[in-house]
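Given next are the chains, with one letter for each unit.
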Amino acid sequence: QTKTIIGVSIPAADHGWTAGVVYHANEAKKMVERMYPGTQVIVKTAKDANEQANQIQDMLTVNKINTLVILPQESAPLTAPVAALKRQGVYTVVVDRGLTNPAAQDAYVAGDNRSFGKVAAQYMGKQLGGKGNVVVLRGIPTVVDNQRVESFEAAMKAQYPGVKILDKKFGNWNRDDAFKVMQDYLTRFPKIDAVWAADDDMAVGVLKAIQQAGRKDIRVVLGGGGMKEMIKKVMDGSDKLVTANVTYPPSMIADAIMLAAKNRTAGKALPRSTIIPSVLVSKSNAQKFYFPQSPF
Amino acid sequence: MTSSTRNISVAPASSLMMRLGRLGPLLGLVLLMVLATALNSSFLSPANLTNVATSAAFIGIIAVGATFVIISGGIDLSVGSLAALTAGSVILIMNAVSGTLGAGWTTVLVGMVAALVIGALAGFAHGMLITRGRIEPFIVTLGTLGIFRAVLTYLSQGGSISLNLDVADTFAPVYYGRLLGLPVPVIVFALVALLGGLILNRTRYGRYVQAIGSSEQVARYAAIDVSRVKTTTYVLQGLCVAVATILYVPRLGSASPSTGLLWELEAIAAVIIGGTALKGGNGRIWGTVVGALLLMTITNMLNLTNIISVYLNAAVQGIVIILVAFFQRGKR
Amino acid sequence: MTSSTRNISVAPASSLMMRLGRLGPLLGLVLLMVLATALNSSFLSPANLTNVATSAAFIGIIAVGATFVIISGGIDLSVGSLAALTAGSVILIMNAVSGTLGAGWTTVLVGMVAALVIGALAGFAHGMLITRGRIEPFIVTLGTLGIFRAVLTYLSQGGSISLNLDVADTFAPVYYGRLLGLPVPVIVFALVALLGGLILNRTRYGRYVQAIGSSEQVARYAAIDVSRVKTTTYVLQGLCVAVATILYVPRLGSASPSTGLLWELEAIAAVIIGGTALKGGNGRIWGTVVGALLLMTITNMLNLTNIISVYLNAAVQGIVIILVAFFQRGKR
Amino acid sequence: MTAARPRPVRPRPEPRTHVAFQGVTKHFGPVQVLHDISFEIAAGEVHALLGENGAGKSTLMKVLSGHHAPTLGHIEVNGSPVQFRSARDAEALGIVLIHQEFNLAEDLTIAQNIFLGHEPGGWLLNDADMNRRAAEALRLVDLHLDPRLRVRQLSVGQKQLVEIARALSRQARLLVMDEPTAALTVGETRVLLELVTRLREEGVTVLYISHKLDEVERIADRVTVLRDGHFITTQPAAGLTPQAMANLMVGRELEDMFPPRQAPRPAVALRVQHLSVPGWAHDLSFEVQQGEVLGFAGLVGAGRTEAFEGLFGLRRRTVGRVERHGQPVMIRNPGDAARHRLVYLSEDRKGKGLLVDASLRENLTLMTLSRYARPLLDVRAEQRALERAVDEYGIRTGQLDVPASALSGGNQQKLALAKILETEPEVVILDEPTRGVDVGAKREIYHLIHRLAEAGKGVIVISSELPELLGLCHRLLVMREGHVVGELTGDRMNEREVIEYATGVRTAGGVSAGGLRA
Ligand SMILES: Nc1ncnc2c1ncn2[C@@H]1O[C@H](COP(=O)(O)OP(=O)(O)OP(=O)(O)O)[C@@H](O)[C@H]1O
Ligand SMILES: Nc1ncnc2c1ncn2[C@@H]1O[C@H](COP(=O)(O)OP(=O)(O)OP(=O)(O)O)[C@@H](O)[C@H]1O
Ligand SMILES: [Mg+2]
Ligand SMILES: [Mg+2]
């Protein structure tokens, strides 16, 4: 009976959501090592795809992992490296961002970026009563971002054709950039009804920019990802612009680690695919998504 | 003396070209503003112009410090990280003292002083490592770039550090307030630039900074305390970062590992677009100010229009930077 | 002339210190390896060592080019973006031609040639803008840093560009294969470094590069075609980026807007840790190689142990970089 | 060379010792440069320090002025031993050094350089006052330039004058002048010597280093000679002729400074027509025969340097026609020139001549690398070439693997000369070839120039030393304000005529420069 050694490779905590991932991964590590004595979990972060590819190779060579739980920085560039590990006998669990060649992953645990965009569009369309002007702040140019924005636009067009998307610019999942982009949107568009910030970090910047400009026309600011401060606002109803959120829980990494530990120590395979859908957080269910200990 | 030596008059020939060269960045800025107005007339609205100036203030203030460092022949890559670390630490400190000192101006003052102390200490450490440790500035500040940001990431556990709401309310006017009709950051930026210009051009210290950048050997022969002057440039840079941070914290009331990312490149770019040579020796503060405004105008212009694919924003910035530099190339 | 050249007794004193200074980076590497082994004995396993060397190959190859640029007194900030753009374009080209040429080596060869052409052209453009356009290298390459990456982002529409699977299979051995028991990238790295060393130290061109970095004016008076030599350093840099890209594409099989992010800093850091002065004039390729290995060893060591919070990785890297530079400071 | 010294008889107080060197010894790493040097300098005298290139004069003066610390021994000033930690300590005692190699910050203005470290003003600098005082200092050396000009824009001679002005502005009690006239022409030199005399009258002690022994004879009270870092002798200058000084320096008899001139060959080596360098030189036309040594005389600022830099494409210029050995050639840059076997030795050896941080070997072979590329550079062959050149040109250095900056001034000059002559050129243009070179070596260079001429090369010499031009050249062109104003050969080649043309007292009588071709 070989010992289960789980290598966890995740992006470095460079913005709120990834910080949540790092937090939940470390929490899961503690829990797994308590629950399954003899099982070892190694958590490593990487700042880009290239480093992550090096990192998982190092984990195999030196730490002798036999299970890999990876949240890839990006799907395509990590497909070949993960496939290489799989060929060398490592059980591979891919989280959130599926590889371009699904054969390289033994199991897939993921959020659903398309439903993330769709849920947001549906909520926003409803709030606006099917009519109004929306500006969008996208993240960093990545597949994740493309999927979210595409499905947001598609859903909006299909269900609320009266809602007009004025522009969509990159805010880089960053508060400061979002602040600046929002300032400029406010200069440019005299009438904005809603802002889809697509990420709670960006929503923070957006709210400040609106506050500074003293604009009253905006009715909805919808972030996403479930940052604790934002969930709290939804819960308390303290900000009339922030009435909902869309989950994309960073805790999915913990789910994946727990699943892997449970099944691998028992020598079983994981379900091929576990999808954690994005759900709408509103005042009624906010309590469930509030983790005051998490950094995100 | 003998009359054999002619009186050589300093002819003003070719000085028009020279001057145009010197004014390169300013011309670039004006052209850009004309273009921006053509693309979207709201560019010239006072609200938008103050937005641009306010956003430029952060990079601009930091770039004033960078002008000194670069003129003296050094470089500081760590400014963005230092801003992030300072912001995080200051928030933690203010949150901590607000328990006993309350959420009033005392707490905010403690925070401001803390920022200045942290900035100055970081700069001093750079200066010491560079002068006493005799390590290349590039290496020292590349190292601290990693260190500062890592410490902040550790403090924030990767997430963000937020200022208590009541302190944030007291602090807010420092960013959102206005004096004489102008946003506070713009006023502070102007003051920092004026002071910087004064120090650089009208004090002994400023003169020594230029002499050292021109030739360290000559400066040493002139019995200038090269190590001290160089160290002081890094301290000035640290203080400028601190001032920028003091303006930054009340804006969003939080700091995170992505705070100040790549500010070093923007600050250095502002300095160099402004006509200061990367190899040191001479430069000018007003150029740096124009450089910072120019960089921010490009971003603003891109946000105000839709004619270019968002994917190409960075390309437009790149092209404009190169073009502006081309304008003022004559003088070299 | 007089044959009165005195022979003053030459004692070998102080040259030991000098030599130790020169060997600084190497000593740093060795110490780091000892430390890594102490932390985890599998560090020294051949498998791990080849991993380290293979990962170092990308930055290392680019850094060899950067050594030339920096010695000549220039700088190239665009290497990471250029790598991304080259990777993306080459993948698109290979995908396109694989339809007619099939998925065999012909297609791969077309891709390789395309990479070299793109790299050389980009370098040539840099060289022209810098020499004929008389724009600071910092500005030119900061501009193209934005431009190259934006073009790639545009080509990939913000997502990633992936190599067709069958072509990828043919291409794979270029990264995953072995020759004489060593991974191909390590062999290529060694060859590039050897060639670079030879060019720098044993050819006229290399001597000219050093002369220009030492004093452009003197070089011009000595009938050296300064513009051509400088331009060539950027072309060499572009070719090195192309070679690194050729190794990179079969590894990850795709390119995206975040490919090669911040490689410029790593490459420049490798060069300077290796003992080349940022202000140009002199430097050494072997130092650059050691610098690249050293940077990668730090990352590897951090992956091998658990004693430090993941949040502090960058801090450890920063500290080690500064310490290594401190080791070799004597010689300046 | 033996002008009567205009020495006023002054009531001399008891000669007091101003500075005493006590067993001063200096090592640079393994190389010992000064050996146990002891002698005294009396207050208020002009004391000349003589010695061959590399004898250690500059080093000793740097020790005196606090730039270097002695390895052993010490210095006494006014009877008490002193320990200088920096130049500022020395300046506090009124000891000021005028550097042989310029120490000016190129990016700063003249005034800023003059007052660097001593800026007037309180918290804020008083630039107006500084510029005014700088202008005064410049007037002392008869340099009429705007003190707000950046030093980068000055010519070598002007930089030298700025250095001197800087030292004068420091209220020196002991002024050390290290080859102040090496880059000056006759006129400026005369001004400077008058200045030295005046300073002495004001009670300032002057330590004067020069390889121009006639100057030394004119102004020095006493002379100290160094040889190979050893103290040789101190003697009153009164009884010493330049010849005797030279013999003391070299330690043996020096005969004929200038070898006899051979007649040039009838073939033209280089012909230049209608060369203009905007702002500097106007429509120059001249030619030099094979085997001829053609001199260019003129005052500082006459535009000689600029004209030839223009010819080589180093400045913006227009040129009608250039012929080498009768063939029209196109010279757009120094590379073209080198291909046509033309070389130019710059007057600015530090800024344009040598890679000061690079090794001697790399400097020597920089222009002839193709010779050592087979195809890889043969470093050992380069090293052999260096050893040969060191011997041939008498470059004195303790070690061969040092950077060029470690050579003494005169030896750097020899290296710069060696570097360009390595290319085996057909036409050689030498701008101030003997700047800072000692008598012995000068003589060697003169002989070398004649050997070049004998071998059929065309040689052009630009020099500020009239005796050198008169002794060396077959023919002289005098330039003034960018024009060739006179051509002198045979009997007319004498000091008086040259100066008259150069200063504009005499003109070519309406003959345009273009008409002055030989
Ligand atoms: N920094 C240094 N390192 C090593 N050697 C040096 C250094 N400076 C000077 N030397 C050596 O010291 C010797 C004396 O040099 P110095 O400059 O004092 O000569 P000098 O008498 O002034 O000659 P010149 O007439 O050519 O100016 C020379 O052999 C020179 O190579
Ligand atoms: N017409 C002029 N206008 C302005 N400045 C002048 C003019 N003529 C000469 N000068 C000044 O005098 C300097 C002359 O240069 P330079 O001394 O190199 O000439 P030169 O003939 O080569 O003299 P030398 O070789 O004896 O030093 C220039 O740098 C310039 O500042
Ligand atoms: Mg000397
Ligand atoms: Mg001249």
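Keep in mind that this is a model prediction, so the values were computed, not measured. (Residues numbered from 1 in each chain as written. Chains lettered and ligands numbered in written order. Predicted model: local features only at pLDDT ≥ 70, side-chain atom pairs only at ≥ 80, totals over all residues. Heavy atoms only, no water.)

(A) Focus on the overall build of chain A. Counting secondary structure elements, chain A contains 9 helices and 12 strands. Relative to its length of 296 residues, chain A is compact, with a C-alpha radius of gyration of 20 Å against a globular reference of 19 Å. For the C-alpha atoms alone, the extent of chain A along its principal axes is close to 65 × 35 × 30 Å. Of the contacts made within chain A by residues no fewer than 6 positions apart, 73% connect residues no fewer than 24 positions apart. Carbon and sulfur atoms form 54% of the exposed surface of chain A, whose accessible area is close to 10200 Å². In chain A, which carries 38 positive and 26 negative side-chain charges, the distance between the mean positions of the two groups comes to 4 Å. (Helix = DSSP H or I, 4+ residues; strand = E, 2+ residues; numbered from the N terminus. Rg over C-alpha atoms; globule rule 2.2 N^0.38 Å. Contact = heavy atoms within 4.5 Å. Areas by Shrake-Rupley, 256 points an atom, 1.4 Å probe, with all protein chains shown as cover. Lys, Arg positive; Asp, Glu negative; His and termini not counted. Charge placed at Lys NZ, Arg CZ, Asp CG, Glu CD.)

(B) Spotlight on the pairing of strand 12 (residues 281-289) of chain D. Residues and elements named next belong to chain D. Summarising burial for strand 12: 7 of the 9 residues are buried, a large majority. Alignment of strand 11 (residues 268-277) against strand 12, held across 6 bridges, turns out to be antiparallel. Across the sheet, the residue bridging to R271 is E287, located in strand 12. Hairpin connection of strand 11 to strand 12: 3 residues between the antiparallel strands, including G279 at a positive phi of 85°. (Buried < 20%, exposed > 50% of the residue type's maximum accessible area, 1.4 Å probe, protein only. Pairing = 2+ DSSP bridges.)

(C) Looking closely at the site of ligand 1. Close contacts around ligand 1 come from 19 residues, with D:K57, D:S58, D:T59, D:A406 and D:G410 the closest. In this structure, ligand 1 is bordered by residues of chains C and D. Take D:H211: an N or O atom from its side chain is 2.8 Å from an oxygen atom of ligand 1. Relative to its unbound accessible area of 640 Å², ligand 1 is 85% covered by the protein chains. Breaking the shell around ligand 1 down by element, the ones donating at least two residues are helix 1 (57-64) and helix 14 (409-421) of chain D. Looking at the shell around ligand 1, the element that brings in the most residues is helix 1 of chain D, giving 3 residues. Across the shell around ligand 1, the residue classes break down as 5 nonpolar, 10 polar and 4 charged. Residues lining the shell around ligand 1 come from more than one domain, with at least three contributed by each of domain 1 (19-250) and domain 2 (268-503) of chain D. (Near = heavy atom within 4 Å. Polar contact = N/O pair within 3.5 Å; in protein donor to acceptor, adjacent residues only side chain to side chain. Nonpolar A, V, L, I, M, F, W, Y, C, P; charged D, E, K, R; others polar. Domains from an automatic or database assignment.)

(D) Main features of the site of ligand 2. Lining the immediate surroundings of ligand 2 are 18 residues, of which D:W280, D:G301, D:G303, D:R304 and D:T305 lie closest. Residues near ligand 2 are shared among chains B and D, making this a multi-chain site. Side-chain polar atom of D:Q158 to an oxygen atom of ligand 2: 3.0 Å apart, as the coordinates give it. For ligand 2, an oxygen atom lies 2.6 Å from a polar atom in the backbone of D:G303. For ligand 2, whose free accessible area comes to 620 Å², the fraction covered by protein is 85%. By residue number, the principal contributor to the shell around ligand 2 is helix 9 (residues 304-311) of chain D, which donates 3 residues. Grouping the constituent residues of the shell around ligand 2 by class yields 5 nonpolar, 8 polar and 5 charged. Split by domain, the shell around ligand 2 shows at least three residues from each of two domains, domain 1 (19-250) and domain 2 (268-503) of chain D.

(E) A look at the interface of chain C and chain B. Taken together, the 42 residues of chain C in the interface contact 43 residues of chain B. With both chains or domains summed, chain C and chain B bury close to 3700 Å², and 76% of this area falls on carbon and sulfur atoms. The tally of links from chain C across to chain B stands at 0 salt bridges. When residues of the side of chain C that touches chain B are traced back to their parent elements, those giving at least two are helix 6 (137-155), helix 13 (263-273) and helix 15 (313-327) of chain C. Along the lines of polarity and charge, the residues of the side of chain C that touches chain B split into 27 nonpolar, 11 polar and 4 charged. (Buried area = accessible area lost by both parts, 1.4 Å probe. Salt bridge = Lys/Arg side-chain N within 4 Å of Asp/Glu carboxyl O.)

(F) Up close: the interface of chain A and chain B. Each side of the interface is counted separately: chain A has 26 residues, and chain B has 33 residues. Taking both partners together, chain A and chain B bury about 2600 Å²; carbon and sulfur atoms supply 47% of that area. With a shortest N-O distance of 3.4 Å, A:D176 and B:R251 are connected by a salt bridge. At the level of secondary structure, the elements contributing two or more residues to the side of chain A that touches chain B comprise strand 7 (163-170), helix 6 (175-188) and helix 7 (200-213) of chain A.

(G) Local environment of empty space enclosed by the protein. With the rule as written, the count across this model stands at 14 cavities of 30 Å³ or more. Put simply, the largest cavity is a space of about 170 Å³. For the largest cavity, the lining is made up of 16 residues, of which B:Y221, D:E91, D:L97, D:H99 and D:R166 are closest to its centre. Only helix 11 (216-221) of chain B together with helix 2 (87-92), strand 6 (95-98) and helix 5 (156-168) of chain D provide two or more residues apiece to the lining of the largest cavity. (1 Å grid on protein atoms, 1.4 Å probe; cavity = no way out; pocket = protein on both sides within 12 Å on 5 of 7 lines; lining within 4 Å. Points joined across faces, edges and corners; volume = space filled by probe spheres on them.)

(H) Structural context of the coordination of the magnesium ion (ligand 4). Residues and elements named next belong to chain D. Protein ligation of the magnesium ion (ligand 4) involves T305 (OG1) and E347 (OE), the donor distances falling in the range 1.9 to 2.5 Å. Within this pair, whereas T305 is found in helix 9, its partner E347 is found in the loop between strand 16 (342-345) and helix 11 (349-353), the two being separated by 42 residues in sequence. Neither residue differs from the other here; T305 and E347 are each classed as buried. (Donors = N, O, S within 2.8 Å, 3.2 Å for Na, K, Ca; no water.)

(I) Structural view of the confidence of the model for chain B. Residues and elements named next belong to chain B. Mean pLDDT over chain B: 86, with 92% of residues reaching 70 or higher. Residue range residues 1-15 is modelled with pLDDT below 50. Its contacts to residues more than four positions away, or to other chains, number 27 contacts. The ipTM assigned to the predicted complex is 0.83, against a pTM of 0.85. (pLDDT = per-residue confidence, 0-100.)

(J) View of the packing of aromatic side chains. Residues and elements named next belong to chain B. Within the structure shown, the criterion is met by 27 aromatic pairs over all chains. An angle of 10° between the planes, with centres 6.1 Å apart, marks the rings of F58 and Y175 as stacked. Taken as a pair, F58 in helix 3 (residues 46-71) and Y175 in helix 8 (residues 173-176) lie far apart in primary sequence, 117 residues in all. Here F58 falls in the buried class, since its relative accessible area comes to 3%. Taking relative accessible area as the criterion, Y175 reaches 1% and is therefore assigned buried. (Phe/Tyr/Trp six-rings, centres within 6.5 Å; stacked < 30°, edge-to-face > 60°.)

(K) Broad picture of a nonpolar patch on the surface. Residue and element names in this part refer to chain B. A surface patch of nonpolar side chains, amounting to about 490 Å² of accessible area, comprises L23, L26, L27, V30, V34 and W286. Counting residues per element, the nonpolar patch draws most heavily on helix 2 (residues 24-39), at 4 residues. Mapped onto the secondary structure, L27 falls in helix 2. (Patch = residues over 30% accessible without salt bridge, like charges linked within 9 Å, V, L, I, M, F, W, Y side chains within 5 Å.)

(L) Expanded view of the packing of helix 3 of chain B against helix 9 (residues 184-202) of chain B. Residue and element names in this part refer to chain B. Running from amino to carboxyl end, helix 3 crosses helix 9 at an angle of 20°, the nearest separation of the two axes being 8 Å. Judged on the interaxial angle alone, helix 9 and helix 3 are roughly parallel. At the point where helix 3 passes helix 9, the crossing takes the left-handed sense. Together, T50, A53, T54, A56, A57, G60, I61, V64, F68 and I71 of helix 3 and P185, V186, V188, F189, V192, A193, G196, I199 and L200 of helix 9 make up the contact between the two elements. Across the contact of helix 3 with helix 9, the residue classes break down as 15 nonpolar, 4 polar and no charged. (Axes fitted to C-alpha atoms, helices over the stretch in contact; angles between N-to-C directions. Parallel < 35°, antiparallel > 145°, perpendicular 65-115°, else oblique. Left-handed = near helix turned anticlockwise from the far one by under 90°.)

(M) How the structure looks around the pairing of strand 13 (residues 293-298) of chain D. All names here are of chain D. Burial analysis of strand 13 places 6 of its 6 residues in the buried class, which makes it a mostly covered element. Burial along strand 13 is two-sided: V293, G295 and A297 facing one way and L294, F296 and G298 facing the other are all buried. The pairing of strand 13 with strand 18 (residues 458-462) spans 4 bridges and is parallel. Opposite L294, over in strand 18, you have I460 as the bridge partner. Sheet analysis places strand 13 next to strand 19 (residues 475-480), joined by 5 bridges and oriented parallel. Its bridge partner lying in strand 19, F296 is registered against L477.

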